[in-house]
Amino acid sequence: MDKKDINKPSILILNNDCLLSIFSYLNVQELMIVERLCQRFEDVAQMCYRRYRELDFEELSQSTEDGFIKLWEAEEISSRVGRFVHVLKISSNSIFMDNVDNDYLPMSVFKHFENLRFIYLDNFDITSESCIEELRRTFPAIEYIVLDFCRCDDGIAAWLENLPKLQVVKFININEITGQCLTGLRGIKEIKLYNCNDLEPKYFEKFCEENPQIRKLFLYLDIIQHNNRILLQSIAKNLKNLESLVLWDICDMFDTFGTSGPNFEILGDLRKITRLRLCYTGHENSDKLDLFLENLSKNTHIECLNICCTHYDMQKSTLEMLGNFSELRILKLNYIPNCDFPLGRLSCFETLQELHLIGCEVTISALTDVIVKFKCLKLINLAQCPFDMNSLISITPLLISRTHVLEIIVNQTSVEEELKKEHKNEELENFIASYKGKLKLTINANKDGSTKRSFHQWEEWEGDIS
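Please read these numbers as outputs of a predicted model, since none were measured by experiment. (Residues numbered from 1 in each chain as written. Predicted model: local features only at pLDDT ≥ 70, side-chain atom pairs only at ≥ 80, totals over all residues. Heavy atoms only, no water.)

Enquirer: Please explain the pattern of salt bridges as it appears in this structure.
Expert: Between side chains of opposite charge, a pair can form as their charged atoms come close. This structure, assessed with the given rule, holds 13 salt bridges. The partner of R137 in a salt bridge is E133, with the nearest N and O atoms 3.6 Å apart. On the criterion of helical spacing, the pair formed by R137 and E133 is a turn pair, its members being four residues apart in helix α8 (residues 129–138). Residue classification places R137 among the exposed positions, given a relative accessible area of 52%. On the basis of relative accessible area, E133 is assigned to the partly exposed category, the value being 29%. For E243, the salt bridge goes to R215, with nearest N and O atoms at 3.7 Å. Note that E243 is positioned in the loop between α11 (228–238) and β10 (244–248) and R215 in the loop between α10 (201–210) and β9 (216–220), a separation of 28 residues in sequence. (Salt bridge = Lys/Arg side-chain N within 4 Å of Asp/Glu carboxyl O. Helix = DSSP H or I, 4+ residues; strand = E, 2+ residues; numbered from the N terminus. Buried < 20%, exposed > 50% of the residue type's maximum accessible area, 1.4 Å probe, protein only.)

Enquirer: Any chance you could explain the packing of helix α2 (residues 16–23) against helix α4 (residues 39–49) here in plain terms?
Expert: Geometry of a packed helix pair, given as the angle between the helix axes and the separation of the axes. Where α2 contacts α4, the two axes come as close as 9 Å, and the packing angle between them is 60°. Taken together, α2 and α4 sit at an angle that is classed as oblique. Judged by the sense of rotation from one axis to the other, the crossing of α2 with α4 is right-handed. For the pair α2 and α4, contact is made by N16, L19, L20 and F23 and by R40, F41, V44, A45, M47 and C48, respectively. Grouping the amino acids of the contact of α2 with α4 by side-chain chemistry returns eight nonpolar, one polar and one charged. (Axes fitted to C-alpha atoms, helices over the stretch in contact; angles between N-to-C directions. Parallel < 35°, antiparallel > 145°, perpendicular 65-115°, else oblique. Left-handed = near helix turned anticlockwise from the far one by under 90°. Contact = heavy atoms within 4.5 Å. Nonpolar A, V, L, I, M, F, W, Y, C, P; charged D, E, K, R; others polar.)

Structure (structure tokens):
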């Protein structure tokens, strides 16, 4: 140590690379405090700011005592990191603005995000022409837009149509939009329309005709039952390049059709689909659903399949169809009673890597068969399943002959309760240690066992695991 360093605080002896590594654990609010301590800390903090690519004001607000960030604080934060950020998520509840309605867009914050590509706006009022014009001027290079619970109408087209790089549009719980704002868009690769009550099929049809290159589509169809035939015909006719498809409340959709004319099975001819998510809400017309799945299994190479069953038991014939998908890498079943039956029908022995059984009824016998037969399996998600320590002890001997670690997610099971006990169970710890390199028990951030991902990662593919 240099003599001149003897009287320095120990942290100042470290070089800037070490300080940078330490400061990288601080959020932007903490960095703003640190930068005031000395010039050197300010310089290192500036280096940290340059690394920011994602900013979530809602997440930052949750770390404050008040549960929100004041407008001046948000302005300070954005002035430091805004020009480096590519992904921004902001909610009207996360920023407090004195003497102004909180759903007013904070343009004084937005003006610093000159290189923004991805924006998520939650619960803002975007109805005025002046507001839309400010968005158009402030964010000319946006590629990805999510509007969630925002008040806006088809006037939003004045912004959307002036975004030459726009590729992804997601409208969530937007009641005033009819879809007319979509008709002038070109080059869109992904669209999500969830609970948009006033969507008119004629505008959706026009949008599909102008955007045949769409790869990802998410439709919640319950609120537009009487027009489902037109919607499905538009998808089948125009969106031949679809790779991933999410259909919500599908049985309500199927029930709207009579016996004449094209039914939903026409979607089974979309040959490029590799990822499919279905939310199943009834058992009527299950024969149509079976035909849809049968066509898909013949015409496509589905790799990721996510099926959620709510309110009703899924028909046995439908579950049996899962055996036709022989190339699955990821299978997620949600709230399926008697899950042993579909697991016993699966044929993707050489490809399956992840099996998610959220809230499903599954026996140890069925799990044992899965571990033995599916040699490539790396993860089993048993969140909310009847899985206890005896079950764990029963299946672990099967792991000895496996060549790689098997991760088991145990959220909301009795195994999680054991792992979280204040007084550690030495017998349990020794048991788990004895299978080191073969078994990994995981408790993830979300109740369903899914990991807490960055916003951009989460939006990457909702139908995959979410």
